[in-house]
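Listed below, chain by chain, are the residues.
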Amino acid sequence: MSRYDRWNAILELLSQEGRLTVEEAAQSLDVSTATIRRDFDQLAQQQMLMRTRGGAVAQSVSYDLPLRYKTARHADEKHRIASAAAELVVPGSVVGMNGGTTTSELARTLATQATLESGFTIVTNALNIASELAVRQHVKIVVTGGVARQQSYELIGPLAGGVLEQVTLDVAFLGVDALDVELGASAHHEGEASVNHLLVSRATQVVVVADSSKIGKRAFARICPLAQIDTLVTDAQLSDDLAGRLEEAGMKVIRA
């Protein structure tokens, strides 16, 4: 297991448990206690957790992890979600897309779809998506302005609106931090939520792509109400109860 994989696993455990001892982490990850102590110290220096005597506790920042630490979480589910969502795009479409691990996986899937080889456009505020797809000749990339947020590689702030207000999107794919029947879609960071709201306002069709761990949850900043979302593409672990409530609210639910 690489260091980053180990750190991701530690932060995942902390997000679930809230507190870990060195021994618990070492046993769970099958590594030495000395390795865990070094990991805890290094993560504490990055303010990803708080060190305690004999262990560590979660900090609030741990719930909004940098993108590089989120990549391995629910990886299989995100791959299936991306494959199902890609089927909603037709050649020539103008596709809006925010940042996140699920939308990044979707962008890669779209770029390699044989049915889209004639070309399509992606409008995004995600620097990693734009950078990765810029070499694809059949994909036209439009990047918003804004200030880069290190946590997610997304461009946020008033400058992002200048581009988004000038375009029309056939479909907007949103990665979200939470989706609640009453609150709608939300994000941990208000700057990301604001840009995401703009993407929604410019799209004919709005599709949320999110694994089931985010459904039925709420985050700090609202993106849009449920009524503005046409489709949710999620994984098969979403409960029948939650799926039914979302469908009753008028949303189409695809469980990949």
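For the structure itself, look to the data block above.
About the cut-offs
Residues numbered from 1 in each chain as written. Predicted model: local features only at pLDDT ≥ 70, side-chain atom pairs only at ≥ 80, totals over all residues. Heavy atoms only, no water. Helix = DSSP H or I, 4+ residues; strand = E, 2+ residues; numbered from the N terminus. Buried < 20%, exposed > 50% of the residue type's maximum accessible area, 1.4 Å probe, protein only. Contact = heavy atoms within 4.5 Å. Areas by Shrake-Rupley, 256 points an atom, 1.4 Å probe, with all protein chains shown as cover. Lys, Arg positive; Asp, Glu negative; His and termini not counted. Charge placed at Lys NZ, Arg CZ, Asp CG, Glu CD. Pairing = 2+ DSSP bridges. Axes fitted to C-alpha atoms, helices over the stretch in contact; angles between N-to-C directions. Patch = residues over 30% accessible without salt bridge, like charges linked within 9 Å, V, L, I, M, F, W, Y side chains within 5 Å. Salt bridge = Lys/Arg side-chain N within 4 Å of Asp/Glu carboxyl O. Core = buried A, V, L, I, M, F, W, Y, C linked by side-chain atoms within 4.5 Å.

Along the backbone of the protein chain there are ten helices and 15 strands. C-alpha atoms of the protein chain, sized along the principal axes, occupy 55 × 40 × 35 Å. By residue count, 51% of the 256 residues in the protein chain fall in the buried class. For the protein chain, long-range pairs separated by at least 24 residues make up 64% of all intrachain contacts whose partners lie at least 6 apart in sequence. For the protein chain, the computed accessible surface area is about 11900 Å², with 47% contributed by carbon and sulfur atoms. Side-chain charges of the protein chain comprise 24 positive and 30 negative groups, with the mean position of each set lying 6 Å from the other.

Further remarks concern the sheet that holds strand β3 (residues 55-58). Read from one edge to the other, the open sheet built from three strands follows the order β1-β3-β2, with strand pairing classed as antiparallel. Looking along the sheet, the strands with just one partner apiece sit at the ends: β1 (19-21) and β2 (49-52). Pairs of neighbouring strands in the sheet enclose a mean axial angle of 25°, with direction left out of account. Of the pairings in the sheet, the one linking β1 to β3 comprises three bridges and is antiparallel in character. Pairing of R19 across the sheet is with V57, part of β3. Most of the contacts of helix α2 (residues 22-29) go to β1, to which it runs at about 85°, and overall it touches β1, β2 and β3.

Taken together, L127, V143 and Y153 make up a surface patch of nonpolar side chains, about 210 Å² in accessible area. For L127, the location among the structural elements is in helix α7 (residues 127-133). In this structure L127 comes out as partly exposed when scored by relative accessible area, which is 36%.

Reading across from one edge, β6-β5-β4-β9-β12-β14-β15 is the order of the seven strands in this open sheet, with parallel pairing throughout. The open sheet terminates on both sides in strands that have one partner only, identified here as β6 (139-143) and β15 (252-255). The mean angle between the axes of side-by-side strands here comes to 20°, regardless of whether they run parallel or antiparallel. Along the sheet, helix α5 (residues 75-86) contacts β9 (169-174), β12 (203-209), β14 (231-234) and β15; its crossing angle with β14, the most-contacted strand, is approximately 145°. Lying on the sheet, helix α9 (residues 190-201) is in contact with β4 (94-97), β9 and β12; it crosses β9 at an angle near 145°.

Let's shift gears to the side chain of T121. Mapped onto the fold, T121 is located in strand β5 (residues 120-124). On the basis of relative accessibility, which here comes to 16%, the residue T121 falls in the buried class. Residues contacting T121, with those up to four places away along its chain left out, are S93, V94, V95, K140 and V142.

In this structure, L179, I223, I229 and L232 are the most contacted members of the largest nonpolar core, which totals 33 residues. At the level of elements, α8 (159-164), β9, β11 (184-187), α9, β12, β13 (221-224) and α10 (240-248) are the ones that each hand at least two residues to this core. At four residues, the largest contribution of residues to this core is made by α9. Apart from residues no more than four positions distant in its own chain, I229 is found in contact with L179, A185, V206, V208, C224 and M251.

Glancing now at unusual backbone geometry. Even without being glycine, D30 reaches a positive phi, approximately 60°. Following the sequence through the fold, D30 ends up in the loop between α2 and α3 (33-45). The phi torsion at Y153 lies on the positive side, around 65°, for a residue other than glycine. Its place among the elements puts Y153 in the loop between β7 (147-149) and β8 (154-156).

One pass over the structure, following the stated rule, counts eight salt bridges. For E132, the salt bridge goes to R108, with nearest N and O atoms at 2.7 Å. In this pair, E132 sits in helix α7 while R108 sits in helix α6 (residues 101-111), placing the two residues 24 residues apart along the sequence. Taking the relative accessible area as the measure of exposure, R108 reaches 34% and is therefore partly exposed. For D180, the salt bridge is made with R218, and the minimal N-O distance between the two is 3.2 Å. Of the two residues, D180 sits in strand β10 (residues 178-180) while R218 sits in the loop between β12 and β13, which places them 38 residues apart along the sequence. Judged by its relative accessible area of 12%, D180 is buried. A single salt-bridge network, built from bridges that share partners, covers E105, R108 and E132.

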